[in-house]
Amino acid sequence: MKYSIVASLLLQSTLVLGELLPVHFVAPTPGHFKEIVRNDTYDLGCRPVAHPTDDGRFTLHALLTEEQITDITNDYKLVPEFSIHRLAKRAVAATAPIGSGDRFKAGTVAPVGLGTQPSGTTISSIMNVGEISSAVQALVATYGVTSFNLPYKTFNGATQFAAYVGAGTDKSKYHLYMSAGVHARERGGPDQLIYWISDLLSAKKSGGGLKYGSKSYTNAQVNSVLNAGIVFFPLVNPDGVTYDQSSGSLWRKNRNTKSGSSGASVGVDINRNFDFLWNFKKYFDPSEAPASTSPSSEVFAGTAAASESETKNHVSIYDSFPKIRWFMDIHSAAGDILYSWGDDDDQSTTSTMNFLNSAYDGKRGPVGDSVYKEYIPSTDATNIKNVAAKTVAAMKAVGGRSYVTMQAVGLYPTSGASDDYSFSRYWAKSGVNKVYGYTMEFGYSTNFYPTLTEFNQNILDTNAGFMDWALAAISVGLE
Ligand SMILES: *[C@@H]1O[C@H](CO)[C@@H](O)[C@H](O)[C@H]1NC(C)=O
Ligand SMILES: [Zn+2]
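Note that this is a predicted model, so its numbers are computed, not measured. (Residues numbered from 1 in each chain as written. Chains lettered and ligands numbered in written order. Predicted model: local features only at pLDDT ≥ 70, side-chain atom pairs only at ≥ 80, totals over all residues. Heavy atoms only, no water.)

**Student:** Whenever I open this one, the sheet that holds strand E1 (residues 21-27) confuses me. Can you help?
**Tutor:** Either a parallel or an antiparallel arrangement is found when strands of a sheet pair, and the pairing is made through backbone hydrogen bonds. Strand order in the open sheet made by the four strands is E2-E3-E1-E4, with antiparallel pairing throughout. Only two strands of the sheet have a single partner each, and these edge strands are strand E2 (50-52) and strand E4 (83-86). Taken over all neighbouring pairs, the strand axes of this sheet differ in orientation by 30° on average, direction set aside. Here seven bridges tie E1 to strand E3 (residues 58-64), and the two strands are oriented antiparallel to one another. Along E3, the bridge assignment pairs Phe-25 with Leu-60. (Pairing = 2+ DSSP bridges. Helix = DSSP H or I, 4+ residues; strand = E, 2+ residues; numbered from the N terminus. Axes fitted to C-alpha atoms, helices over the stretch in contact; angles between N-to-C directions.)

Shown next as structure tokens:
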């Protein structure tokens, strides 16, 4: 008896940790998903995004345990128009392998991207954590990229680094900032960023251009992107990625154990920890759940705004490079480019209705109402949408996949996200630059571990997307 209880508890904890099954819901309106989105025990991927279907309905993806699938199936039995569908579970063996050694030989062999190699060339594995740093060191040694350590060590003691390239030693000449590897399981983000930087540098050196599938870029375009000055932070969450790569557990958060020391209670969602409407219980309508105060939630916001080292390090980059104008955070997997804002619908008519105005506390979040909408000056709205559209057009042209642009709020709000934080700084702090912030969600819904073929396609799609994002940003303006 005793033994069987222990055995069943063990079995349950394995299920909760290991057996996240991909599903999607279909319903006539996004409102049908409201209770699901509000339940912070469900894993809704990188961000809850309801996508319209061809027949006028909506779908929402999630990763659920068998038990949660049963619960939802029972709860929604009497809602005839609501359905839940299991997606084929991806075979572990089919996912792209993680590199086992150091292909960059302790920072002596530079990475070579796909844009400077014959079409059809492929990369055979995803970089392990050591390789990400070795790759950047090899860029330093080969091309004179400058890397630097960030001030705060991670919970597990890792020293974090970022790098800059293209505009010389004056840090006020750097206008583009890109980060990746925030959510541990979103495999391939750091690789895409590093291989793209490698392509730019290789093309500059050889005087050549770049080619990603059907998209070609000239040497003049390469030079113009580099001259804009690029700061890159390729691995925001090394503790989480180390854990995910060794466990294959679809781990998302960092590995901070202060609020919870076992299973799902470990870790803070770095992308809900930024100082933008962080204290969501105060700022949002009580019917919304833009983050969670529960440590076991995938969207646990932490114990204070910017409580996490990874968040502080991310923020320190804006202070070191005061003229950053454009920011992109690279995530997966939904197939979209998100632009500001993420806390509520945008509006450009009432400047006093904004995230700093306490008169609207407790009212933010619900989409489609007129009680609160977040202020964005109309010129900014035009600029950010134009650049998002160019980015998506390039990604679609390369891989033919159906990327879309959307306002980050989509149909449900978030708080404490990196893209909103970047854009909010201009209003929240005096004397700082205005930063247009984006989230790229490469790949397909909940497909966090791509196959090798998908991993390579993701590199091509995103690298063309990065090129057109940077070129469009340059044409809107860097100053
Ligand atoms: C969230 O979902 C779980 C499991 O499906 C359920 O037991 C719980 O009651 C839900 N919580 C809320 C607040 O609805
Ligand atoms: Zn993510």
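**Student:** Just checking my understanding: could you explain the packing of aromatic side chains for this structure?
**Tutor:** Describing an aromatic ring pair means giving the distance of the ring centres and the angle of the ring planes. All chains considered together, the criterion is met by 29 aromatic pairs. On the basis of an interplanar angle of 45° and a centroid distance of 5.0 Å, the ring pair of Tyr-177 and Phe-327 is categorised as tilted. Taken as a pair, Tyr-177 in strand E7 (residues 176-180) and Phe-327 in strand E11 (residues 326-332) lie far apart in primary sequence, 150 residues in all. Residue Tyr-177 is classed as buried on the basis of its relative accessible area, which comes to 0%. Summarising the aromatic geometry, the rings of Tyr-243 and Trp-251 are spaced 5.3 Å apart at their centres and angled 80° between planes, so their arrangement reads as edge-to-face. By the ring-pair criterion, three or more aromatic residues cluster together here, those being Phe-276, Trp-326, Trp-341, Phe-355, Phe-423, Tyr-426, Trp-427, Tyr-436, Tyr-438 and Trp-469. Here Lys-171 stacks its cationic end above the ring of Phe-148, 5.7 Å away from the centre of that ring. (Phe/Tyr/Trp six-rings, centres within 6.5 Å; stacked < 30°, edge-to-face > 60°. Buried < 20%, exposed > 50% of the residue type's maximum accessible area, 1.4 Å probe, protein only. Lys NZ or Arg CZ within 6 Å of the ring centre and 35° of its normal.)

**Student:** Would you explain the domain arrangement of the protein in this entry?
**Tutor:** For interface size, the figure often reported is the accessible area lost on association. Parsing the protein into structural domains produces domain 1 (6-89) and domain 2 (97-479). Between the C-alpha centres of domain 1 and domain 2 the distance comes to 26 Å. Taking both partners together, domain 1 and domain 2 bury about 2,300 Å²; carbon and sulfur atoms supply 58% of that area. The tally of links between domain 1 and domain 2 comes to 13 residue pairs in polar contact (both at pLDDT 80 or more). At five residues, E3 tops the list of elements feeding residues into the side of domain 1 that touches domain 2. Along the lines of polarity and charge, the residues of the side of domain 1 that touches domain 2 split into 14 nonpolar, three polar and five charged. (Domains from an automatic or database assignment. Buried area = accessible area lost by both parts, 1.4 Å probe. Polar contact = N/O pair within 3.5 Å; in protein donor to acceptor, adjacent residues only side chain to side chain. Nonpolar A, V, L, I, M, F, W, Y, C, P; charged D, E, K, R; others polar.)

**Student:** What exactly am I supposed to notice about the sheet that holds E11 here?
**Tutor:** Pairing in this open sheet of eight strands is mixed, and the strands run E5-E6-E10-E7-E11-E16-E12-E15 from one edge to the other. Looking at which strands have only one partner, the edges of the open sheet turn out to be strand E5 (146-149) and strand E15 (404-407). This sheet shows a mean twist of 20° between the axes of neighbouring strands, independent of strand direction. Examined bridge by bridge, strand E12 (residues 336-339) and strand E16 (residues 436-442) share four bridges and lie antiparallel to one another. Pairing of Leu-338 across the sheet is with Thr-439, part of E16. Contacting E11 and E16, helix H11 (residues 418-428) crosses the sheet at an angle of about 165° to E16. (Contact = heavy atoms within 4.5 Å.)

**Student:** Help me understand the coordination of the zinc ion (ligand 2) in this model?
**Tutor:** Six octahedral donors at a metal ideally form angles of 90 or 180 degrees, and four tetrahedral donors ideally form angles of 109.5 degrees. Protein coordination at the zinc ion (ligand 2) comes from Cys-46 (SG), His-183 (ND1), Glu-186 (OE), Glu-186 (OE) and His-331 (ND1), with a distance range of 2.0 to 2.3 Å. Mapped onto the sequence, the donors of the zinc ion (ligand 2) take the spacing C-x136-H-x2-E-x144-H. Placement of Cys-46 in the loop between helix H2 (34-38) and E2 and of His-183 in the loop between E7 and helix H5 (189-206) is noted, with a sequence separation of 137 residues between them. Comparing Cys-46 with His-183, the two get one shared label, buried. (Donors = N, O, S within 2.8 Å, 3.2 Å for Na, K, Ca; no water.)

**Student:** Would you take a moment to explain H11 for this structure?
**Tutor:** Taken across its 11 residues, H11 has eight buried, putting it largely inside the fold. Burial in H11 covers these residues: Ser-418, Asp-419, Asp-420, Tyr-421, Ser-422, Phe-423, Ser-424 and Arg-425. Tucked into the core, H11 has its buried residues touching helix H9 (309-320), E11, helix H10 (378-399) and E16.

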